[in-house]
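# Remarks on the overall topology
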Amino acid sequence: MFQSGVRVHMRLTKAFIPTLKELPADAQVASHKLLVRAGFIRQLSAGIYSVLPLAQRSILTITEIVREEMNRIGAQEFYLPALNPREIWEESGRWSVMGDNMFRLKDRKGADLCLAMTHEEIFTVLARAEVRSYRQLPQTWYQIQTKFRDEPRPKSGLLRVRQFTMKDSYSFDLGKEGLDKSFEDHRQAYVKIFTRCGLKTVQVDAHSGAMGGSGSTEFMVRTDAGEDLIASCEACGYAANTEKARSKIETPDAYAAADGVQLPLEEFATPGVVTIEALQRQPYGVGAKRQLKTLVYMADGKPVIAIVRGDDSLNEAKLQTATGANEVRPAHAEEIPPLMGAKPGSLGGVGLGEKSASGAVRVFLDERLAGLSGMVTGANKDGFHLKNVSITRDLSHAKIVDLRSVVEGEGCPNCGKPLQVGKSLEVGHIFKLGTRYSASMGANILGEDGKETPIVMGSYGIGVERILAAAVELHNDADGIRWPMSIAPYHVAILPLQMQDADVRAAAEKLYAELTAAGVEALLDDRDERAGVKFKDADLIGLPLRIAVGKKGLAEGKVEWKPRTPGSQVELVAIADVLAKVKAAVAEGGGKIR
RNA sequence: CGGGGCGUAGCGCAGCCUGGUAGCGCGCCUGCCUUGGGCGCAGGAGGUCGGAGGUUCGAAUCCUCUCGCCCCGACCA
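Just so it is clear, the structure is predicted and the values come from calculations on it, not from any experiment. (Residues numbered from 1 in each chain as written. Chains lettered and ligands numbered in written order. Predicted model: local features only at pLDDT ≥ 70, side-chain atom pairs only at ≥ 80, totals over all residues. Heavy atoms only, no water.)

## Let's talk about the side chain of Asn380
Along the chain, the position of Asn380 falls in the loop between strand E19 (375–378) and strand E20 (384–389). Judged by relative accessible area, Asn380 falls into the buried class, the value being 13%. Here Gly348 takes part through its backbone nitrogen, which lies 2.9 Å from a polar atom of the side chain of Asn380. (Helix = DSSP H or I, 4+ residues; strand = E, 2+ residues; numbered from the N terminus. Buried < 20%, exposed > 50% of the residue type's maximum accessible area, 1.4 Å probe, protein only. Polar contact = N/O pair within 3.5 Å; in protein donor to acceptor, adjacent residues only side chain to side chain.)

This is the structure in C-alpha cells:
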C-alpha cells in the first residue's frame, strides 16, 4: 500500500471492470454480492480476495483519508515486515496465545516464522532499541499493511477474511495521562475517518480480550451483515455490545410482594410441566415474570447454575464473565440429574445452599430478580414446582450479577429512552495497552527522575476493506451500489447513449476531456452498447454522478444529470454548466478534485 | 472442531436416483439487424464432469479415499 499517485480517468473500452449479470452463487451479504457483480473483487480462496482496479481505487482513497487524519494527530507512517521471526512473539507470549489463528511457517533452515496478525511486537522492538528517554516521547507510529489471520470460518465476502489491509497505530507515552491523550486523539481521528468515508458508527466499550490492557473502544457500523449484537441509544449515545449492555431495570410489580409479606415455601405438583410456557397455562397460570428460569452450565468443567426471570434469556458471555471461566457451555442432559436430582424443566436453585457453601456448585442470579418474592421455580424433583419463593430468604446463597440479555425497546440505562438492538460490524478498535508489551519485552525508558520505567502503550486498528464493504452495506439499492462521493472509485460516469451518432460521441468526449482536465475523476462508457446496458452497468457500479449524453438533450445543448442517490430525478443541464455542477457536487460529497 | 450443502464451459445451472460417452441460460467470437433501461436472427468457439483409486464391456452417474468451496454452530484483537 503506497501513495495513491496520479489519479487517472478511464474509458470503459480500456478498463478492466468485469461486471456480472448473474449473482455469484456463494455470496450471502449485499456487499459481497455487489462487489463481485460490479467487478470490484474476485475470490481466490476461502477468505482471500483479489482486489480489482475499481476496488483498488476506492481503497487508495480510503487509505488517503486515513493517512490525512493520522498525520493530523501527529502520527508517523512506517512500513513493517509481515514476516516475523518466532522470537519476538515468544517474548510477548503471543506465540502460544494466538494458537491456530496465526499463520506459521518455517524457513529453509527450519527456523519458525509467522505472518503477523498485528504489529505490537515489532513496534515494541523498535521502541525498545531506539527510545531511551522520556524526552523522546510521546511518539505515535502507524502503518497501513497486510495482516494475516487464519480465521476458522471466513465468510461474507470482505467482511471476514484471512488476509486484509489494516491501518494499525501504536502510541508510546511516559505515563497514564499521556496514554489517555493519545487514546482520545485516536478516538477523534477515527470519528473523522469513518464519517469522511460515509459510515455512521457507534462507539462501544469492549473487552480487551487477548490484547490485555485497561480499556478499549470498538467502532461499530450498524448492519445486518455484522456479527456482533449491539444495544445503542439514539438519544444519549449509549452503546454497548450485548455481551455487556444493560437496560433500565423495571421496578418490581405487585407480584413481587414488595411489602415484605413472605408466605412459606410450598411445593405443588406439576406433572408433565417442563417449560415456562406450560406453567403459564391453566390450571397453574403462573406468569413468566413470576417464574425463575434455572439453567445448568459447565464453567471450565465445573457446574454452575444460572437463574434468570422466566421471560428473560441468559447471556452466556455475561455468565462467563461472572464465573471468571475461560469457557462455559450448557450442561449436557445427562450431567444434570446427578447434580440436581431432577431433569431440566423441574430445576431450581432453592436448597442448593449446602452445595453452594461447599463449592460444589456456584449459583448465579440475575440482578433484576434481587429482593423479589412470590416467585415460582422447579423443585428439583420431577413433576414438582415450588411457590412463594423469596429471593432473599430462599436464594441467599446465590451471587447476584447481571446475566440477562438486553431486549430492543427496553430503557437506556443512562437516559431511559428505548434502546435499539441490532447487528453491527466492527470497523475500528482502539486499545489502551498500558505496559502489557513494554513490560514483557523490556521496552523501558528513563524518566525525569532518572528511574527506568516501561513505556505506556496504546494500539489502534482500522480494517480498510471493511470500510469499503461496510460502505456498500450501508449504501446500496436493488440496482447496485451507491458510493459515497468521498470513497467512490470515480466521481462521475459519462454515458454517450447513441454511439452511432457522431455528435453524441463528440459531445461526450469533449465533456470527458473537460472534466478530466479540471481534475475530476471521470469514467467514460465509450462502449458500443445499447443505452440500457450502459444504464444497468452504471447503476450497478454506482458512481455518485451520472451524466447521460443523448440525441434529444443535445439538440437543446443539454445533458442528463442524475445523482446516484435515493429519490433523485433526472435533470437536464446545459453543457456549459456541467463542470461547475460536478465540481460543486464532488466538493459537497467530500470528494477531491485533483 | 461438530452439523449440513455443493464441486459439470468464464458465470448461473440441469443431467446422477434408474450407468450407454454431456446439455440449457447468460457471457464470448463472426455476420446481419436494432439503437434511451441488460434488443432480435443466424452461425461458431469453449468442458480429461474437482482429483485419485475401484466396480463394470462401458462411469458425470455406483463404491472408497482425497482436495476445495459455501452455510449453521463453536471459535474470534
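Text resumes after the structure shown.
## Here we look at the sheet that holds strand E29 (residues 522–524)
The six strands lie next to each other as E1-E29-E28-E30-E31-E32, forming an open sheet whose pairing is mixed. Unpaired on one side and paired on the other, strand E1 (10–11) and strand E32 (571–574) mark the two borders of the sheet. Of the pairings in the sheet, the one linking strand E28 (residues 492–496) to strand E30 (residues 545–549) comprises five bridges and is parallel in character. Pairing of Val492 across the sheet is with Leu545, part of E30. The strands that helix H14 (residues 502–517) touches are E1, E28, E29 and E30; relative to E28, the one it contacts most, it runs at about 165°. (Pairing = 2+ DSSP bridges. Contact = heavy atoms within 4.5 Å. Axes fitted to C-alpha atoms, helices over the stretch in contact; angles between N-to-C directions.)

## Things to note about the pattern of salt bridges
In this structure the tally under the stated criterion is 44 salt bridges. For Asp112, the salt bridge is made with Arg86, and the minimal N-O distance between the two is 2.7 Å. Remark: Arg86 occurs in helix H3 (residues 86–92) and Asp112 occurs in strand E7 (residues 112–115); sequence separation between them is 26 residues. The residue Arg128 makes a salt bridge to Glu91 at a minimum N-O spacing of 2.5 Å. With a gap of 37 residues between them, Arg128 in helix H5 (residues 120–130) and Glu91 in helix H3 connect regions that are remote in the sequence. (Salt bridge = Lys/Arg side-chain N within 4 Å of Asp/Glu carboxyl O.)

## Let's talk about the confidence of the model for chain A
Residue-level pLDDT values for chain A average 91, and 95% of them are 70 or greater. Across residues 1–5, where pLDDT falls below 50, the model places nine contacts with residues more than four positions away in sequence or in other chains. With a pTM of 0.90, the predicted complex shows an ipTM of 0.94. (pLDDT = per-residue confidence, 0-100.)

## Thoughts on the side chain of Ser31
By the element assignment, Ser31 lies in helix H1 (residues 30–37). By relative accessible area, which is 0% here, Ser31 ends up buried. Non-local contacts of Ser31, meaning those with residues more than four positions away in its chain, are made with Leu159, Ala469, Val472 and Glu473.

## Some details on unusual backbone geometry
Of note, the amide linkage connecting Leu137 to Pro138 takes the cis form, showing an omega dihedral of 0°. Counting through the fold element by element, Pro138 comes out in the loop between H5 and strand E8 (139–148). For the bond from Gln282 to Pro283, the omega torsion is 5°, close enough to zero to count as cis. Although it is not a glycine, Asn380 adopts a positive phi angle of roughly 55°.

## Details of the sheet that holds strand E5 (residues 83–85)
Spatially, E5-E7-E6 is the arrangement adopted by the three strands of the open sheet, whose pairing is antiparallel. A single partner strand is all that each edge strand has here, and the edge strands are E5 and strand E6 (104–106). Pairwise comparison of adjacent strand axes, ignoring direction, gives a mean angle of 35° for this sheet.

## Describing the packing of helix H2 (residues 53–72) against helix H6 (residues 176–196)
Where H2 meets H6, the axes come as close as 9 Å, and the angle between the chain directions of the two elements is 155°. By the angle between their axes, H2 is roughly antiparallel relative to H6. The interaxial crossing formed by H2 with H6 has right-handed handedness. Counted together, Ile65, Val66, Glu68, Glu69, Met70 and Arg72 of H2 and His186, Ala189, Tyr190, Lys192, Ile193 and Arg196 of H6 form the full contact between these two elements. (Parallel < 35°, antiparallel > 145°, perpendicular 65-115°, else oblique. Left-handed = near helix turned anticlockwise from the far one by under 90°.)

## Things to note about the nonpolar core
One finds Leu35, Phe40, Tyr190, Ile193, Phe194 and Trp483 to be the most contacted residues of the largest nonpolar core, which totals 63 residues. Setting aside anything within four residues of it in sequence, one finds Leu35 in contact with Phe40, Ile41, Leu158, Leu468, Ala469, Val472, Ile481 and Trp483. (Core = buried A, V, L, I, M, F, W, Y, C linked by side-chain atoms within 4.5 Å.)

## Let's talk about the pairing of strand E25 (residues 456–463)
In terms of residue burial, E25 counts as a mostly covered element, since eight of its eight residues are buried. Covered by surrounding structure in E25 are Val456, Gly458, Tyr460 and Ile462 together with Met457, Ser459, Gly461 and Gly463, the residues of both alternating faces. Looking at chain direction, strand E9 (residues 163–173) and E25 are connected through eight bridges and run antiparallel. Note on E25: the bridge partner recorded for Ser169 is Tyr460. Sheet analysis places strand E22 (residues 420–434) next to E25, joined by six bridges and oriented antiparallel. Paired with Gly434 across the bridge in E25 is Met457.

## A short note on the packing of aromatic side chains
Tallied over the full model, the rule gives 10 aromatic pairs. Ring geometry for Trp141 versus Phe172: centroids 4.7 Å apart, planes at 50°, classification tilted. Of this pair, Trp141 sits in strand E8 while Phe172 sits in strand E9, and the two are 31 residues apart along the sequence. Overall, Phe172 belongs to the buried group, its relative accessible area being 1%. Note on Phe194 and Phe219: the rings are 5.6 Å apart at their centroids and 45° apart in plane angle, and the pair reads as tilted. Of this pair, Phe194 sits in helix H6 while Phe219 sits in strand E11 (residues 215–222), and the two are 25 residues apart along the sequence. Exposure class is identical for Phe194 and Phe219. Each is buried. Three or more aromatic residues joined by ring pairs form one cluster here, namely Phe78, Phe123, Trp141, Tyr170 and Phe172. (Phe/Tyr/Trp six-rings, centres within 6.5 Å; stacked < 30°, edge-to-face > 60°.)

## Brief notes about the state of the cysteines
Scanning the model with the defined rule gives zero disulfides in all. Just so you know, Cys236 is unpaired, no disulfide at all, and the nearest cysteine sulfur is the one on Cys412, 3.5 Å from it. (Disulfide = S-S within 2.5 Å.)

## Structural notes on the layout of surface pockets
Here the second largest pocket is characterised by a volume of approximately 300 Å³. Around the second largest pocket, the lining is made up of 15 residues, and of these Trp483, Pro484, Met485, Pro544 and Thr565 lie nearest the centre. If you list the elements that add at least two residues to the lining of the second largest pocket, you get strand E31 (558–563) and helix H17 (575–588). Grouping the amino acids of the lining of the second largest pocket by side-chain chemistry returns nine nonpolar, three polar and three charged. (1 Å grid on protein atoms, 1.4 Å probe; cavity = no way out; pocket = protein on both sides within 12 Å on 5 of 7 lines; lining within 4 Å. Points joined across faces, edges and corners; volume = space filled by probe spheres on them. Nonpolar A, V, L, I, M, F, W, Y, C, P; charged D, E, K, R; others polar.)

## Overview of the environment of Thr146
Among the secondary structure elements, Thr146 is positioned in strand E8. Each C-alpha atom, one on Thr146 and one on Ala555, is 52 Å from the other, the two residues being 409 residues apart in sequence.

## Regarding H2
Spanning 20 residues, H2 covers 28 Å between terminal C-alpha atoms, matching the ideal 28 Å at 1.5 Å per step. Along H2, 15 of the 20 residues are buried, which leaves the element largely enclosed by surrounding structure. (Expected span 1.5 Å × (residues − 1).)

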